[in-house]
Amino acid sequence: MNTSKKLLSINNLKKYFPIAKSSIFQKEQLYVKANEDISLDIYEGETIGVVGESGCGKSTLGRVILGLLDSTDGKIFFDGKDITKVSGSERNLLRKEMQIELKEMHRKLGITFIYVTHDQEEALSMSDTVVVMNNGEILQIGTPQDIYNEPKNAFVADFIGDSNLLSATMIRDKEVEIQGQRFACVDVGFGQNNPVDVVIRPEDMILVEPEQGTIRGKVVSLIFKGVHYEMEVEA
């Protein structure tokens, strides 16, 4: 639990944009969802990275926080004060182009940053807390280590870092079966003999001689990346 002072609090924020009517006979106004029920607390001295694909709603969220766009619903509190209807010029929130040097500034001065990006590597390296968004909604909030090592769903796993998503069977807590082979894992609460998706990061795999391996595969492509090789293996 974060014991620092809560600086910014976003409660059930929604932002919809109206869609132009296709004809004069269209009576009902239609809307496109940009942000849906966003709730997020940001603490003093914390660096927040908001990451997601283009069009997921992260830029809209940033503009609403800064007061450059009005929210459709929800509340925004800054230092305990409701600033939902306060204009951007009056909010006086930190708004800068983020560069890697800001990480050192944050370390020295304890400045609070909100970092909005689609570059997951920058989000992981710059942030204390990462917020992953898709389709206007928050999918997961956590430390960079939690987001990378324990993604909550397949989208987060695939979006953050390189990953191999495999269909598997959860035999029991902390034991999973992949392609007929059983492996120890850290996950619990998925029941017994239930189908699951397994995330295997490239750095977690070791290539050995065929007779020493657990899963046999065939290298179908090999790309030199300077300090390492990128392999595609069919198994």
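Structure first, text after, so check above.
Residues numbered from 1 in each chain as written. Predicted model: local features only at pLDDT ≥ 70, side-chain atom pairs only at ≥ 80, totals over all residues. Heavy atoms only, no water.

Enquirer: Sorry if this is basic, but what is going on with the side chain of N35 here?
Expert: Within the element layout of this structure, N35 appears in strand β2 (residues 30–43). Taking the relative accessible area as the measure of exposure, N35 reaches 0% and is therefore buried. A distance of 3.0 Å separates a polar atom in the side chain of N35 from the backbone oxygen of G57. Side-chain polar atoms of N35 contact the backbone nitrogen of L61, separated by 3.4 Å. In this structure, N35 is in contact with L13, K14, K15, Y16, G57, T60, L61, M133 and G136, ignoring residues within four places of it in sequence. (Helix = DSSP H or I, 4+ residues; strand = E, 2+ residues; numbered from the N terminus. Buried < 20%, exposed > 50% of the residue type's maximum accessible area, 1.4 Å probe, protein only. Polar contact = N/O pair within 3.5 Å; in protein donor to acceptor, adjacent residues only side chain to side chain. Contact = heavy atoms within 4.5 Å.)

Enquirer: Whenever I open this one, the pairing of strand β9 (residues 164–172) confuses me. Can you help?
Expert: Every regular strand shows the same layout, with side chains that alternate between the two sheet faces. Here seven bridges tie β9 to strand β12 (residues 194–200), and the two strands are oriented antiparallel to one another. Bridge pairing in β12 places T169 opposite P195. Bridge count for β9 against strand β10 (residues 175–178) is three bridges, and the pairing is antiparallel. Within the sheet, the bridge partner assigned to M170 lies in β10 and is V176. The antiparallel hairpin formed by β9 and β10 contains two residues in its connecting segment, where K174 sits at a positive phi of about 70°. (Pairing = 2+ DSSP bridges.)

Enquirer: Any chance you could explain the packing of aromatic side chains here in plain terms?
Expert: The description of an aromatic ring pair rests on the distance of the ring centres and on the angle between the ring planes. Counting across every chain of the model gives two aromatic pairs. Seen from the ring of F17, K15 lies directly overhead, with NZ or CZ sitting 5.0 Å from the centre. Above the ring of Y148, the side-chain terminus of R201 is found at 4.0 Å from the ring centroid. (Phe/Tyr/Trp six-rings, centres within 6.5 Å; stacked < 30°, edge-to-face > 60°. Lys NZ or Arg CZ within 6 Å of the ring centre and 35° of its normal.)

Enquirer: Sorry if this is basic, but what is going on with the sheet that holds strand β3 (residues 47–51) here?
Expert: Within a sheet, each strand pairs with its neighbour through backbone hydrogen bonds, oriented either parallel or antiparallel. Taken together, the four strands give an open sheet; going across it, the order is β6-β3-β7-β8, and neighbouring strands pair in mixed fashion. The open sheet has two edge strands with one neighbour each: β6 (113–117) and β8 (137–142). Taken over all neighbouring pairs, the strand axes of this sheet differ in orientation by 20° on average, direction set aside. Alignment of strand β7 (residues 129–134) against β8, held across five bridges, turns out to be antiparallel. Across the sheet, the residue bridging to M133 is I138, located in β8. Against the sheet, helix α1 (residues 58–66) makes contact with β3, β6 and β7, and its axis sits at roughly 150° relative to β6, the strand it touches most. (Axes fitted to C-alpha atoms, helices over the stretch in contact; angles between N-to-C directions.)

Enquirer: Explain a nonpolar patch on the surface here, please?
Expert: Taken together, L207, V219, L222, F224, Y229, M231 and V233 make up a surface patch of nonpolar side chains, about 720 Å² in accessible area. Contributions of two or more residues to the nonpolar patch are made by β13 (218–224) and β14 (229–234). (Patch = residues over 30% accessible without salt bridge, like charges linked within 9 Å, V, L, I, M, F, W, Y side chains within 5 Å. Areas by Shrake-Rupley, 256 points an atom, 1.4 Å probe, with all protein chains shown as cover. Salt bridge = Lys/Arg side-chain N within 4 Å of Asp/Glu carboxyl O.)

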